[in-house]
Amino acid sequence: MFRYEYDTTLGPTKPHSHLHVNAETPLVRDLRNIHFPAGRLSVEHLIFHLVTEFDVRCELPPEELVAFLAQSYASWQRTDQSRFP
């Protein structure tokens, strides 16, 4: 029904740790080809996933979106690390 994968090579839209669901639905394209992120996720990871895997439209061009998400994520990491060294 599903499989968990961990790939040490990071692709542009594929997280290292991800889940595949062997299913189909009329509302969503073939789920077998979608890389559902697994592990700890930030809001930035979720937004990137929705845009790259589900073709959710965004106001920013792809390059600007990735840069914005990377900057936001870096800021979150600094905050998170100060609480949990």
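Residues numbered from 1 in each chain as written. Predicted model: local features only at pLDDT ≥ 70, side-chain atom pairs only at ≥ 80, totals over all residues. Heavy atoms only, no water.

**Some points on the overall build of the chain**
Here is step 1 of the chain: Tallying secondary structure elements over the chain gives two helices and three strands in all.
Here is step 2 of the chain: Listing every helix and strand of the chain by position from the N terminus yields β-β-β-α-α.
Here is step 3 of the chain: In the chain, buried positions account for 15% of the 85 residues.
Here is step 4 of the chain: The long-range share in the chain, meaning contacts at least 24 apart out of those at least 6 apart in sequence, stands at 19%. (Helix = DSSP H or I, 4+ residues; strand = E, 2+ residues; numbered from the N terminus. Buried < 20%, exposed > 50% of the residue type's maximum accessible area, 1.4 Å probe, protein only. Contact = heavy atoms within 4.5 Å.)

**As for unusual backbone geometry**
Here is step 1 of the chain: We note that D55 has phi near 55 degrees; this positive angle belongs to a residue other than glycine.
Here is step 2 of the chain: Here D55 lies in the loop between α1 (43–54) and α2 (62–83).

**Section: the sheet that holds strand β2 (residues 17–21)**
Here is step 1 of the chain: Read from one edge to the other, the open sheet built from three strands follows the order β1-β2-β3, with strand pairing classed as antiparallel. Looking along the sheet, the strands with just one partner apiece sit at the ends: β1 (2–6) and β3 (36–37).
Here is step 2 of the chain: As judged from the five bridges shared by β1 and β2, these two strands associate in the antiparallel manner. By the bridge assignment for β2, E5 is matched with H18. (Pairing = 2+ DSSP bridges.)

**Details of the pairing of β2**
Here is step 1 of the chain: The pairing of β2 with β3 spans two bridges and is classified as antiparallel. Within β3, the position partnered with H18 by the bridge is P37.

**A word on α1**
Here is step 1 of the chain: In a regular helix each residue adds 1.5 Å, so 12 residues correspond to 16 Å; α1 covers 16 Å between its end C-alpha atoms and thus fits that length.
Here is step 2 of the chain: Those residues of α1 that sit buried are E44, H49 and E53. The arc enclosing the buried residues of α1, seen along the axis, measures out at 130 degrees, which places them on a common side.
Here is step 3 of the chain: Downstream of α1 by a residue or two, D55 has a phi angle that is positive, lying close to 55 degrees. (Expected span 1.5 Å × (residues − 1). Arc of directions from axis to C-beta.)

**Observations concerning the confidence of the model for the chain**
Detailed conclusions should not be drawn from predicted coordinates in areas where pLDDT is low.
Here is step 1 of the chain: Looking at the chain as a whole, its pLDDT mean stands at 77, while 80% of the residues score no less than 70.
Here is step 2 of the chain: Across the chain, element-level confidence peaks in α1 with a mean pLDDT of 86 and bottoms out in β1 with 75. (pLDDT = per-residue confidence, 0-100.)

**Observations concerning the side chain of E44**
Here is step 1 of the chain: On the secondary structure map, E44 appears in helix α1.
Here is step 2 of the chain: Among the polar contacts listed, one links the side chain of E44 to the side chain of S72, at a separation of 2.5 Å.
Here is step 3 of the chain: Discounting chain neighbours no more than four positions away, the residues touching E44 are L69, S72 and Y73. (Polar contact = N/O pair within 3.5 Å; in protein donor to acceptor, adjacent residues only side chain to side chain.)

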